[in-house]
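# Residue-level structure breakdown
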Amino acid sequence: MAFDQTIEGWMLPAGVMLRTNRQLVPTSTIFLDADRATSVRGRPLKDARLTVDSNHKLIGFSDAVLATDLRLGGVSYPVGKRVKSKDWGFRDKDTDSLIFSPVRGQAAKVDHHPDVPFGRSVLQTMTGNVQAIVSNQEAGILDLDDFTLIQ
């Protein structure tokens, strides 16, 4: 993708990978660099997969990690925390929420509540409102230690 491409008004960094899906609803997936932080809707991310529609509107993102510590509302997240969007851009779906999931050995610090450890996720709006704390399975987060490959 050329360096002058923009998504919702922000410039994509040079050298990003692009994969186009020409199925029923045409989308593109943009792969952000794992070694470089990029601000996506004001959140510092690395290694994200951005999904955009044919008009370059951000539909959502997945597989991202926080590039810096983040304080959002009453929750503090450490660098390296896994984060993805929750069903952005689809009719009758949530368009403002993020799912934060601690990696092993980390926890999210929630004001006036117990820490959120590995295996649990925080569903939170972009403005900081905590909507729920759920298991990773309920949040659609797959922890690789949770299954066994059978050959």
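Here is what the cut-offs are and how they apply
- Residues numbered from 1 in each chain as written.
- Predicted model: local features only at pLDDT ≥ 70, side-chain atom pairs only at ≥ 80, totals over all residues.
- Heavy atoms only, no water.
- Salt bridge = Lys/Arg side-chain N within 4 Å of Asp/Glu carboxyl O.
- Helix = DSSP H or I, 4+ residues; strand = E, 2+ residues; numbered from the N terminus.
- Buried < 20%, exposed > 50% of the residue type's maximum accessible area, 1.4 Å probe, protein only.
- Pairing = 2+ DSSP bridges.
- Axes fitted to C-alpha atoms, helices over the stretch in contact; angles between N-to-C directions.
- Contact = heavy atoms within 4.5 Å.
- Core = buried A, V, L, I, M, F, W, Y, C linked by side-chain atoms within 4.5 Å.

Before going further, it helps to spend a moment on the pattern of salt bridges. Throughout the structure, instances matching the rule amount to 3 salt bridges. Note that Asp63 is salt-bridged to Arg49, the shortest N-O span being 3.0 Å. Of this pair, Asp63 sits in the loop between strand 8 (58-62) and strand 9 (64-66) while Arg49 sits in strand 7 (residues 49-53), and the two are 14 residues apart along the sequence. Assessed through its relative accessible area of 45%, Asp63 is described here as partly exposed. With a closest N to O distance of 2.8 Å, Lys109 and Asp115 form a salt bridge. Residue class for Asp115 comes out partly exposed when judged on its relative accessible area of 39%.

Let us now look at the sheet that holds strand 4 (residues 27-31). The antiparallel open sheet is built from 4 strands, whose spatial order is 3-4-7-8. Whereas interior strands pair on both sides, the edge strands pair on one side only; in this sheet they are strand 3 (17-21) and strand 8. With direction set aside, neighbouring strand axes in the sheet form an average angle of 20°. The sheet contact formed by strand 7 and strand 8 spans 4 bridges and is antiparallel. Within the sheet, the bridge partner assigned to Thr51 lies in strand 8 and is Gly60.

What follows deals with the environment of Gln5. If you trace the backbone, Gln5 turns up in the segment before strand 1 (6-7). Given a relative accessible area of 25%, Gln5 falls into the partly exposed group. Discounting residues that sit within four places of it in the chain, Gln5 has contacts with Trp10, Met11, Leu12 and His56.

On to the nonpolar core. Within the largest apolar cluster, 27 residues are counted, with the highest numbers of intra-cluster contacts made by Leu50 and Tyr77. With residues near it in sequence (within four places) discarded, Tyr77 still touches Leu66, Asp69, Leu70, Leu72, Phe100, Ala108, Val122 and Gln124. Counting residues in each nonpolar core, the second largest holds 5 residues, with Leu123, Val134, Ala139 and Ile141 among its members.

Before going further, it helps to examine the sheet that holds strand 10 (residues 70-72). Taken in spatial order, the 4 strands line up as 10-11-14-15 in an open sheet, and their pairing is antiparallel. The strands lining the two open edges of the sheet, one partner per strand, are strand 10 and strand 15 (116-117). Where strand 10 lies against strand 11 (residues 75-77), 3 bridges are found, and the strand directions are antiparallel. Considered in strand 11, the bridge of Leu70 is made with Tyr77.

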